[in-house]
Amino acid sequence: MAMLHARTGQLENGDPISPPIVTTAKYKLSGTPDTPYTYGRDINPTVEATEAAIRALEQAPVIAFPSGMAAITAALMATVKAGDRVLVPSDGYYVTRVLLGDILSDHDIHLDAIPTKAFAAADLSSYAVVWAETPSNPGLDLCSIRSLSEAAKASGATLIVDNTTLTPLLQRPLDLGADMIVSSDTKAMAGHSDCLYGHIATRDEALFQKAWKWRKVSGSIPDPFASFLVHRGLMTLELRLQRMCANAQALADTIDGHAAIEAVKYPGVGFVMGLTFSSESIAERFIEDCPAIFASTSFGGVHTSAERRARWGDEVSDGFVRLSVGCEPTDALVAAIEATLETL
Ligand SMILES: *Cc1c(COP(=O)(O)O)cnc(C)c1O
């Protein structure tokens, strides 16, 4: 509700309901700058409109970025310095580990990776930053953000949660004590698989200012057109999530225990599921043969899509399929998937 009307509440008679796509590098700026609209790398009205909608969802200050990885980079730039250690999930989004292990390692920043399930018992005392992802992607294991935030606070670590898989409508890490969230809005937030986007949200003013400065000086402001697409997508976020989560629950109820699948993993919330088949070839046949499944990486779009994560080197079995459940009519989707399972 607050998100839907974040823009409409501000409008005057004659203003457009959708945010204008403002493509400009320059603004009129004579004499002593007396406006925040100085240069396109600093600020853009379309980006601001999208940030306002996301801010209403997060109930926290938000900075938008051109991709989830750009948001993750900003979050780390705002929190780590040379000599620091970062704890990350070994079963979480792998590019975050690549950024830390292959690039930030050259700047004397170190990572340790442990399974999400091991976070609860981990000793956090040596970490500047604890990075959590729950449910983890693609493993779909869980950890308690509240317990982790208490442990992080006690040991002086900053807790950052990658909240991509659930979005602020399904999980609110800042309310559970996290210092910052990052999100790839390429996924469910934008929701139509037609643009890349990301954001951070934090109620910590110092962290916000550092991330803001990073965006400005690194030039990672998002494109106005992508911002427009995300704004448009956000207007139906709740509806899409309702259908996607209901579809995922219906599928989990129907196919759990099916003879063609070794294991069905569904954390009971969200729209991402893990299906384990007995081999790579059966998993590939399932993805290719089912007319209701679009074979692709990524998740959170309106189309149900799937991929074998082992093809990227994730620590999962060769027959593990990550299924991103979409907005198709529930009965038709369940029937199509069941019919394909019967042929395997
Ligand atoms: C996709 C994803 C990212 C990266 O986002 P991009 O928009 O592709 O850069 C980060 N974290 C998680 C959990 C993701 O699924």
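This report concerns the structure included in the present document. Since the structure is predicted, the reported quantities are computational estimates derived from the model, not experimental observations.

How each quantity is defined
- Residues numbered from 1 in each chain as written.
- Predicted model: local features only at pLDDT ≥ 70, side-chain atom pairs only at ≥ 80, totals over all residues.
- Heavy atoms only, no water.
- Near = heavy atom within 4 Å.
- Areas by Shrake-Rupley, 256 points an atom, 1.4 Å probe, with all protein chains shown as cover.
- 1 Å grid on protein atoms, 1.4 Å probe; cavity = no way out; pocket = protein on both sides within 12 Å on 5 of 7 lines; lining within 4 Å.
- Sits in = over half its atoms within 2 Å of the grid points.
- Helix = DSSP H or I, 4+ residues; strand = E, 2+ residues; numbered from the N terminus.
- Nonpolar A, V, L, I, M, F, W, Y, C, P; charged D, E, K, R; others polar.
- Contact = heavy atoms within 4.5 Å.
- Points joined across faces, edges and corners; volume = space filled by probe spheres on them.
- Domains from an automatic or database assignment.

**Quick word on the site of the ligand**
The immediate surroundings of the ligand are formed by 14 residues, with Gly68, Asp162, Ser184, Thr186 and Lys187 found nearest. Contact with the protein chains covers 92% of the free accessible surface of the ligand, which is 380 Å². Taking a 2 Å distance to the grid points as the criterion, the majority of the atoms of the ligand fall inside the largest pocket. Looking at which element gives the most residues to the shell around the ligand, the answer is helix 2 (residues 68–79), with three residues. Class assignment of the residues belonging to the shell around the ligand gives a composition of five nonpolar, six polar and three charged.

**Quick word on the environment of Leu140**
Note that Leu140 resides in the loop between strand 4 (129–132) and helix 4 (145–155). Spatially, the C-alpha atoms of Leu140 and Trp312 are 16 Å apart, while their sequence positions differ by 172 residues. Beyond its immediate sequence surroundings of up to four residues, Leu140 is in contact with Pro135, Lys265, Pro267, Val272, Met273 and Gly274.

**Notes on empty space enclosed by the protein**
The final tally for this structure, using the stated rule, is one cavity of 30 Å³ or more. Put simply, the largest cavity is a space of about 40 Å³. Pro135, Leu140, Thr165, Leu166, Pro267, Val269, Gly270, Phe271 and Val272 are the residues that line the largest cavity. Counted by class, the lining of the largest cavity contains seven nonpolar, two polar and no charged residues. Here the lining of the largest cavity gathers at least three residues from each of two domains, domain 1 (20–234) and domain 2 (238–343).

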